[in-house]
Amino acid sequence: MLSEAKSAPSGMKILISGEGGQGVQIISEVIAKTAHKIGKNTSYMPQFGVEQRGGASVAFLQIADKKIIYPKFSKANIVLVMSNRSIDAVKQYLNQETLFIFDSTNIDNEHLNQIRNEVTKVLNINAREWALKNLSTKVTNMIFLGALLQYLPDIKVEDIKNVLSDKLINSKNAELIDMDFRAIDYGYNIAREENNNLNGQETKEIENISQDDNKTWQRYPKFCKSCELCIVRCPVKALSFSNELNYLGTQLPQIDINKCTACGLCQLICPDGAIKVTKKN
Amino acid sequence: MIPENNIPKSWKKEELPHKFCPGCGQSEALKILGYAIDELGIQNKTIYASDIGCSLLSWNMFDVDTIQTHHGRATPVAVGFKHAKPEAVVLAFMGDGGGYAIGAQHLINACMRDDKITIILINNANYAMTGGQMAPTTLLEQITATTPQGRKLADFGLPLHGPEMLSPIASDNAYIARSISNDFWGLLTTFKKAINNQIEGRGFSFVEVLSMCPVNWKTDAQESINFVEKMAEIYPVKEFKIPEGLKC
């Protein structure tokens, strides 16, 4: 399976998709620049929604020895998805030959069911949880970049790292380059072991996080955007960030139920309606 | 008394999560507007007109009839709808760019004509959707994408105070107020008064809401709250005009 993907006759057609802000365009740009540097013909075209923040962000990437006639394509050799909503954006580019790469800790089964009959080759990597545990969720996209390199035999990991450090040379956060490199290495190594497991998460709409005799505190992981307003404004400082992640890949709040007075301020001020506090009599 | 539902009944639950950025003050204000619509029981006769800018991201937020209009034209479209169907409750939702810059003439004329509509204007001190450029409401010395040295009095004049501008030309039937998105109960009462003024057929209603924009201000949650409180010192939060006999 790996070798088939490597020996695609008319070059590699790669489609990368995620939420705006997850780093889809950065990894596509780095791959395209590196491929150009080593003398390949390459084309990279970003596509995102009209005049609007958020929403699905898609990158069309092609690498070939022959001339590339048109920057778009109808079917991709590799499809990489980083979020639930981006599955809708890539559905039409899948066929039986496509390698489908996704993060099992981030994608819901509900969304995977839409494409279950259309894909046969699957690479399931655990990027987000590893990034949160070992580095930072900011470098999740670099794990995917490392995984992609396993399927682009002409591009060496060192070349990618050189292009990336040129790009980040003026970055204020010097640790970021080191974290990015570690994430790329991790992604490259785990992509060696393929698995055909198209199973994601079963997320519930509402999570019953904490309760005692007098009160229940519930949260909606599908709505929360980790804006931190509830944590900052809680009058008794009962809220803090947990290690669980929401649909954007950022941290969900959790409550210390012993401190909570069930005043309901967090429910009132949450801009997304992601918290529910119930007081029992 | 905490509302029973964490999401207003007049919101479209299937469209959540909505499209606003994390920590956006507009989504807080729209949630409170949803509760105001719920409490007044006007969901089936409300017409919601939204402007261009971040305010258009609310086009699928409410389960009410919605009109999407052009830059600054939410006010005249809302006025036209009110003339055609006087029993409807018409809400025009816009940002400071739509209301105080490109659509300022419509706002002033609607106020002078005493049109019986409710205008809700979000003031976040910049043009948020296009990347945080200077708006009429940008504070002096505030750094934005187009004022990297800060807004200077000599070049751009003073920030625009909308309710203060409208109060002298408004009739005695107008309700004009400024509120803040962080204050749940205060803003809920203000919205209910502004909508009631229209339902009772009295006159023009205008609410300016001071709101947070953490993405373009480049602030975290605590700094955003501090910034919007600093705004409230410059833009006083109060009711400028209250018609006699208005129900709360």
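Keep in mind that what you see is a predicted model, and the values were worked out from it rather than measured. In this convention, every chain numbers its residues from 1, walking through the sequence in written order. Throughout, the order in which chains and ligands are written sets their labels, letters from A for the former and numbers from 1 for the latter. Reporting of local features is limited, given that this is a predicted model, to residues whose pLDDT is at least 70; pairs of side-chain atoms are given and counted only at 80 or more, and all residues count toward the totals for whole chains, interfaces and linings. Hydrogens are left out, water is left out, and the side-chain values use all remaining heavy atoms of the structure.

## Regarding the packing of helix H2 (residues 24-37) of chain A against helix H6 (residues 140-149) of chain A
All names here are of chain A.
Logical step 1: Orientation of H2 relative to H6, taken along the N-to-C sense of each, is 35 degrees, at an axis distance of 9 Å. For the pair H2 and H6, the crossing hand works out as right-handed. Counted together, Ile-26, Ile-27, Val-30 and Ile-31 of H2 and Asn-141, Met-142, Phe-144, Leu-145 and Leu-148 of H6 form the full contact between these two elements.
Logical step 2: As a working rule, the residues Ala, Val, Leu, Ile, Met, Phe, Trp, Tyr, Cys and Pro are called nonpolar, Asp, Glu, Lys and Arg charged, and the rest polar, with Gly in that last group. A breakdown of the residues in the contact of H2 with H6 according to their chemical character gives eight nonpolar, one polar and no charged. Every angle, taken between N-to-C directions, lies between 0 and 180 degrees, and every axis is a line fitted to C-alpha atoms, over only the stretch in contact when it is a helix. Helix and strand definitions here come from DSSP, where helices need a minimum of 4 consecutive H or I residues and strands a minimum of 2 consecutive E residues; each element is numbered from the N-terminal end. Should the near helix be turned anticlockwise from the far one by less than a right angle, the crossing is left-handed, and should it be turned clockwise, the crossing is right-handed. By definition in these notes, contact holds between two residues if any of their heavy atoms fall within 4.5 Å.

## Focus: the state of the cysteines
Logical step 1: The disulfide criterion used throughout: a pair of cysteine sulfur atoms within 2.5 Å. Enumeration according to the criterion identifies zero disulfides over all chains in this entry.
Logical step 2: Unpaired in terms of disulfides, A:Cys270 finds its nearest cysteine sulfur in A:Cys227, a separation of 6.1 Å.

## Section: a nonpolar patch on the surface
All names here are of chain B.
Logical step 1: Only residues whose relative accessible area exceeds 30% and that take part in no salt bridge are eligible for patches, with like-charged residues grouped when within 9 Å of each other and nonpolar side chains (Val, Leu, Ile, Met, Phe, Trp, Tyr) grouped when within 5 Å. Each accessible area is a Shrake-Rupley result for a 1.4 Å probe, and residues are judged covered by the shown protein chains and nothing else. For this document, the term salt bridge refers to a Lys or Arg side-chain nitrogen within 4 Å of an Asp or Glu carboxyl oxygen. On the surface, Leu-140, Leu-153 and Leu-158 cluster together into a nonpolar patch covering about 290 Å² of accessible area.
Logical step 2: As for its position among the elements, Leu-140 is in the loop between strand S4 (118-123) and helix H5 (153-156).
Logical step 3: Exposure categories follow from relative accessible area, calculated using a 1.4 Å probe and restricted to protein chains: below 20% of the type maximum is buried, above 50% is exposed, and the middle band is partly exposed. Judged by its relative accessible area of 34%, Leu-140 is partly exposed.

## Looking at the packing of aromatic side chains
Logical step 1: Aromatic pairing here means that ring centres of Phe, Tyr or Trp (its six-membered ring) are within 6.5 Å. Orientation follows from the plane angle: under 30 degrees is stacked, over 60 is edge-to-face, and everything else is tilted. Tallied over the full model, the rule gives 11 aromatic pairs over all chains.
Logical step 2: With 5.1 Å between their ring centres and 50 degrees between their planes, B:Tyr48 and B:Phe62 make a pair best called tilted. Of this pair, B:Tyr48 sits in strand S1 (residues 46-50) while B:Phe62 sits in the loop between S1 and strand S2 (65-68), and the two are 14 residues apart along the sequence.
Logical step 3: For B:Tyr48, a relative accessible area of 1% corresponds to the buried category.
Logical step 4: Of the residues examined, B:Phe62 reaches a relative accessible area of 1% and is grouped as buried.
Logical step 5: Connected via pairs of aromatic rings, a cluster forms that spans A:Phe60, A:Phe73 and A:Tyr93.

## Some points on the confidence of the model for chain A
Logical step 1: Model confidence for chain A is summarised by a mean pLDDT of 84, while 93% of its residues fall at 70 or above.
Logical step 2: Low pLDDT (under 50) marks residues 1-8 of chain A, which in the prediction has 13 contacts with non-local residues, meaning those over four places away or in another chain. Values of pLDDT, the confidence the predictor places in each residue, fall between 0 and 100.

## Remarks on the nonpolar core
For soluble globular proteins, the rule of thumb is that nonpolar side chains tend to be buried together.
Logical step 1: Counting residues in each nonpolar core, the largest one holds 62 residues, and the members touching the most others are B:Leu30, B:Leu33, B:Tyr48, B:Phe62, B:Phe191, B:Val209 and B:Met231.
Logical step 2: Those residues in contact with B:Phe191 that sit more than four places away from it in its chain are B:Ala29, B:Ile32, B:Leu33, B:Ala36, B:Ile120, B:Val207 and B:Val209.
Logical step 3: Here, nonpolar core means buried Ala, Val, Leu, Ile, Met, Phe, Trp, Tyr and Cys residues that are tied together by side-chain atoms lying within 4.5 Å of each other. Counting residues in hydrophobic clusters, the runner-up holds 45 residues, among them A:Met12, A:Ile14, A:Ala127 and A:Ala191.

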